[in-house]
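Each chain, letter by letter, is given below.
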Amino acid sequence: MPRQRRETDRVKIHGTEPEADAIKVQEFTNEPVFVVITQAFCKNGHNLVGRSAEEFDGFPGISLWVEGAGEAGEVVVSAVHGDHSKRGKEFPKGTKLKIMCPECKTELEELTNCGCSEQGTLRKIYLTPKRTDAYIIAVCDVWGCPLSRVIDSYEMFSEFLEGNIGEDADTE
């Protein structure tokens, strides 16, 4: 089954190969290049990729424990960058969330304000076991906000802040 195209026209690939082993630049015949996260860690070192059987385009998802609006549950998000698919617990769009490691229930650390219309905060998911800010995924703690980023060597290598992506994004 061919991979579905999701936001690939907005993904920019860094000029060099990523340094973190957690980032895989995947190429398919006759299809665009895309970025896959192969490992991701909470601040206590628990790997969040592949904890569940959920897969997205054949790649294991990133598991998170999410609480908000009086509800809680595991959410598995796609590890394919630019794919906003997720499975598991659902929340009303715009709900401010507490995002945690599903194993130790430690809240993901703050990075900075998101800039989305819901006043979200970007939270860190580390891409290496060393857990350095040089290699992170930054995810917003507002349900439905698509303004995530991957940071490699302290540089933005995928950026979703151009245009009005929040209005047009498929956030399922």
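What you are looking at is a predicted structure, and each value in this text was computed from that prediction instead of being measured.

Criteria and thresholds
Residue numbers run consecutively from 1 along every chain, following the written order of its sequence. The model is predicted, so local features are restricted to residues of pLDDT at least 70 and side-chain atom pairs to those at 80 or more, both for listing and for counting; the totals for chains, interfaces and linings are taken over all residues. The basis for every side-chain value is the complete set of non-hydrogen atoms in the structure, without hydrogens or water. Helical segments are the DSSP runs of H or I of at least four residues, strand segments are the runs of E of at least two, and each set is numbered from the N terminus. Three labels apply to residues, based on accessible area from a 1.4 Å probe with only protein chains included: buried if under 20% of the type maximum, exposed if over 50%, partly exposed otherwise in between. The criterion used for residue contact is that any of the two residues' heavy atoms lie within 4.5 Å. Two strands pair if DSSP finds at least two bridges between them. Axis definition: a line fitted to C-alpha atoms, over the contacting stretch in the case of helices. Angles run 0 to 180 degrees between N-to-C directions. Here the nonpolar core consists of buried residues drawn from Ala, Val, Leu, Ile, Met, Phe, Trp, Tyr and Cys, with membership extended through side-chain atoms lying within 4.5 Å. Whether two aromatic rings pair depends on their centres lying within 6.5 Å, for rings of Phe, Tyr and Trp, where Trp uses its six-membered ring; planes under 30 degrees apart make the pair stacked, over 60 edge-to-face, and the rest tilted. Counted as over-ring charges are cases with an Arg CZ or a Lys NZ within 6 Å of the ring centre that also lie within 35 degrees of the ring normal. Salt bridge, as used here, is a side-chain nitrogen of Lys or Arg placed within 4 Å of a carboxyl oxygen of Asp or Glu.

### Section: the overall build of the chain
- When you go through the chain residue by residue, the secondary structure sums to 1 helix and 13 strands.
- In the chain, the succession of α and β elements from N to C terminus is β-β-β-β-β-β-β-β-β-β-β-β-β-α.
- Expressed as a percentage of its 172 residues, the buried residues of the chain come to 51%.
- A fraction of 49% describes how many contacts in the chain between residues 6 or more apart in sequence connect residues 24 or more apart.

### Re the sheet that holds strand β7 (residues 86-88)
- Across the sheet, 4 strands lie side by side as β7-β6-β5-β8; this open sheet has antiparallel pairing. For this open sheet the edge positions go to β7 and β8 (98-100), each flanked by a neighbour on one side alone. Neighbouring strand axes in the sheet, compared pairwise and without regard to direction, differ in orientation by 35° on average.
- Taken together, the 3 bridges between strand β5 (residues 62-68) and β8 define a ladder with antiparallel strand orientation. Looking at β8, one finds that V66 is bridged to I99.

### Thoughts on the pairing of strand β10 (residues 121-126)
- With 6 of its 6 residues buried, β10 lies for the most part within the structure.
- Burial of β10 is two-sided: the residues T121, R123 and I125 facing one way and the residues L122, K124 and Y126 facing the other way are all buried.
- Note: strand β9 (residues 110-113) against β10, 3 bridges, orientation antiparallel. Bridge pairing in β10 links N113 to T121.
- Looking at chain direction, β10 and strand β11 (residues 135-140) are connected through 5 bridges and run antiparallel. Opposite K124, over in β11, you have A138 as the bridge partner.

### Side note on the nonpolar core
- In terms of nonpolar packing, the biggest core is built from 22 residues, with I37, I62, L64, I125 and I137 touching the most fellow members.
- Taken together, the elements giving at least two residues each to this core come down to β5 and β11.
- If you look at the next biggest cluster of nonpolar residues, it comprises 8 residues, including C116, L122, C140 and L147.

### As for unusual backbone geometry
- If you check the backbone angles, A69 has positive phi at about 55° while not being a glycine.
- Structurally, the position occupied by A69 is in the loop between β5 and β6 (71-77).
- The class of A69 is exposed, set by a relative accessible area of 57%.
- Positive phi outside glycine occurs at K105, with the angle close to 60°.
- Looking at where K105 falls in the secondary structure, it is placed in the loop between β8 and β9.

### Structural notes on the packing of aromatic side chains
- Taken as a whole and assessed by the stated rule, the structure comprises 1 aromatic pair.
- The ring of W143 has K86 sitting right over it, with the charged end atom 4.9 Å from the ring centre.
- Taking the ring centre of W65 as reference, the NZ or CZ of K105 above it sits at 4.3 Å.

### A short note on the pattern of salt bridges
- Tallying each qualifying case throughout the model produces 8 salt bridges.
- The partner of E103 in a salt bridge is R51, with the nearest N and O atoms 2.8 Å apart. Residue E103 is located in the loop between β8 and β9, and its partner R51 is located in the loop between β2 (34-37) and β3 (55-56); the two are separated by 52 residues in the primary sequence.
- Residue E103 is classed as partly exposed on the basis of its relative accessible area of 47%.
- The class for R51 is partly exposed, based on a relative accessible area of 37%.

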